[in-house]
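Each chain, letter by letter, is given below.
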Amino acid sequence: MNHRLLRPKRIIAVTAFTGIVGAVIGAVAIAPTGATEKSTSSGCSTSTLDARYGSTLRVLSSPGSGNWSQVETKWVAAIGHPMCTTRVYLGTIGAGKTWAKTDMLAHQPANQRVIFSFRGGNAADITAFERSRPAGTQCYGSFWHEPENTYKTPTQQAQYRAKWGQYAPAIRAGGCKTILILEGYTSTDKQWHWEDYYNAGAIDSFGWDVYSYGWEDKPPVYRDPATLLAGPQHVARVTGKHWGVTEAGSPVIPGDGYGVARVAWIKRYHQLLVQTHASLFSIWNDYIRYSPPPTVNYTAGTDMIHAWTGTG
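Residues numbered from 1 in each chain as written. Predicted model: local features only at pLDDT ≥ 70, side-chain atom pairs only at ≥ 80, totals over all residues. Heavy atoms only, no water.

## Describing the overall build of the chain
Helix and strand content of the chain: seven helices and twelve strands. Counting only contacts in the chain whose residues sit at least 6 apart along the sequence, the fraction spanning at least 24 positions is 79%. Accessible surface, the chain as shown: approximately 13,000 Å² in total, 56% of it carbon and sulfur. (Helix = DSSP H or I, 4+ residues; strand = E, 2+ residues; numbered from the N terminus. Contact = heavy atoms within 4.5 Å. Areas by Shrake-Rupley, 256 points an atom, 1.4 Å probe, with all protein chains shown as cover.)

## With respect to the sheet that holds strand E2 (residues 85-89)
Strand order in the closed barrel formed by eight strands is E1-E2-E4-E6-E7-E8-E9-E10, with parallel pairing between adjacent strands. Each strand of the sheet is rotated relative to its neighbour by a mean of 25°, with strand direction disregarded. With five bridges joining them, E2 and strand E4 (residues 113-118) adopt parallel strand pairing. Looking at E4, one finds that Tyr 89 is bridged to Ser 117. (Pairing = 2+ DSSP bridges. Axes fitted to C-alpha atoms, helices over the stretch in contact; angles between N-to-C directions.)

## Quick look at the packing of helix H5 (residues 225-239) against helix H6 (residues 260-276)
Running from amino to carboxyl end, H5 crosses H6 at an angle of 40°, the nearest separation of the two axes being 10 Å. Crossing handedness for the pair H5 and H6: right-handed. Contacts between H5 and H6 pair Pro 225, Ala 226, Leu 228, Leu 229 and Gln 233 from the former with Trp 265, Arg 268, Tyr 269, Leu 272, Leu 273 and Thr 276 from the latter. Class assignment for the residues of the contact of H5 with H6 results in eight nonpolar, two polar and one charged. (Left-handed = near helix turned anticlockwise from the far one by under 90°. Nonpolar A, V, L, I, M, F, W, Y, C, P; charged D, E, K, R; others polar.)

## Points about the environment of Trp 75
Within the element layout of this structure, Trp 75 appears in helix H1 (residues 68-79). On a C-alpha basis, the gap between Trp 75 and Thr 302 in space is 7.7 Å, while along the polypeptide they are 227 residues apart. Leaving out residues up to four positions away in the same chain, Trp 75 has contacts with Gly 54, Ser 55, Met 83, Trp 284, Asp 286, Ala 300, Ile 305, Trp 308 and Thr 309.

## A short note on unusual backbone geometry
Geometrically, the link from Lys 218 to Pro 219 is a cis peptide bond, its omega value of 0° lying close to zero. One can find Pro 219 in the loop between strand E8 (205-211) and H5. Pro 294 follows Pro 293 through a cis peptide bond whose omega is 5°. Phi angles above zero are rare outside glycine, and Asn 111 is one such case at about 65°. Here Asn 111 shows up in the loop between helix H2 (103-106) and E4. A positive phi angle, close to 60°, is found at Tyr 213, a residue other than glycine. With respect to the helices and strands, the residue Tyr 213 is situated in the loop between E8 and H5. Judged by its relative accessible area of 8%, Tyr 213 is buried. (Buried < 20%, exposed > 50% of the residue type's maximum accessible area, 1.4 Å probe, protein only.)

## Points about H5
Owing to its 3.6 residues per turn, the α-helix brings residues three or four apart onto one side. In a regular helix each residue adds 1.5 Å, so 15 residues correspond to 21 Å; H5 covers 22 Å between its end C-alpha atoms and thus fits that length. In H5, a bend of some 30° at Gly 231 exceeds every other bend along the element, and Pro 232, a proline, comes one to four places later. For H5, every residue scored as buried is listed here: Pro 225, Ala 226, Leu 228, Leu 229, Gly 231, Pro 232, Gln 233, Val 235, Ala 236 and Thr 239. Packing partners of the buried residues in H5 comprise E8, strand E9 (242-249) and H6. (Expected span 1.5 Å × (residues − 1). Bend = angle between axes of the 7 residues up to and from the residue.)

## Overview of the state of the cysteines
Considering all chains together, one arrives at two disulfides under this definition. Put simply, Cys 44 and Cys 84 are joined by a disulfide, and their sulfur atoms are 2.2 Å apart. On the sign convention where negative means left-handed, the S-S torsion of about -90° between Cys 44 and Cys 84 marks this disulfide as left-handed. Residue Cys 44 is located in the segment before strand E1 (52-57), and its partner Cys 84 is located in the loop between H1 and E2; the two are separated by 40 residues in the primary sequence. Residue pairing for Cys 139: its cysteine sulfur links by disulfide to Cys 176, the two sulfurs lying 1.6 Å apart. Across the disulfide from Cys 139 to Cys 176, rotation about the S-S bond amounts to roughly -60°, and the bridge is consequently left-handed. Of this pair, Cys 139 sits in strand E6 (residues 138-143) while Cys 176 sits in the loop between helix H4 (154-173) and strand E7 (177-183), placing them 37 residues apart in sequence. You'll find Cys 139 and Cys 176 in the same group, each marked buried. Bonded cysteines in the chain are paired 1-2, 3-4 when counted in the order they occur along the chain. (Disulfide = S-S within 2.5 Å.)

Spelled out as structure tokens, the structure:
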């Protein structure tokens, strides 16, 4: 994840915190039929179209920032079984790299849905890496997630789209789907636009890193999930492509005490996704961001994990 601090400001509908959980409201009401989904089995569905909820897993060196094994242990203990979807971050996929040699992936259960991103590698090595995964594992591969901060000029963006033309056949040959992962604001922004990075023939699906950013508002708020997801849903309608939330997060905002209102906000987020049958996967970014400053704490407690996954 890379938060661009100089992103254009926009007027956004929000979900405000008023001091008690009952006062956490949004612009769009959640109907009584939007009940949360509960996991009933330790196994993962074999369906490729079911909605799944999970967490990011990453290798981190900063103390307390949430190394993958700590995060996974916490989530598995909270939901009572292995996660059925995860997001992992890889660098260059080189020769000899396999699923079994990747600590974050080696022990994952059958029928896991994995969204992985990488920064480069030989096409044949990427295909071989995917083919080394356990049978039944569903996977989505993304070249250079959140390209907005690296590929900025029209020339660079054209280069990025061309790279996708090279990598898409390798990802598909390995039996995985391609996924273009962008920051949520590019789904609606006038200056930074999703189409600048979209190679239609190379992209099977979209992933959106959708954060509240409401801690920056005055007063701080938890922004309405319906507003946060409106852009991704619009892109899905325009392109006809499936999509998922590949990173989501909000720190506890000032005035929320122990984060009780954040849990209520996350429940609304989950309920909206269930109601709309929109996202194939929704991933909470469970870590502490130290750079760039200021520090932002997205870490999840048990109640929050239950709210996000619909298991509580």
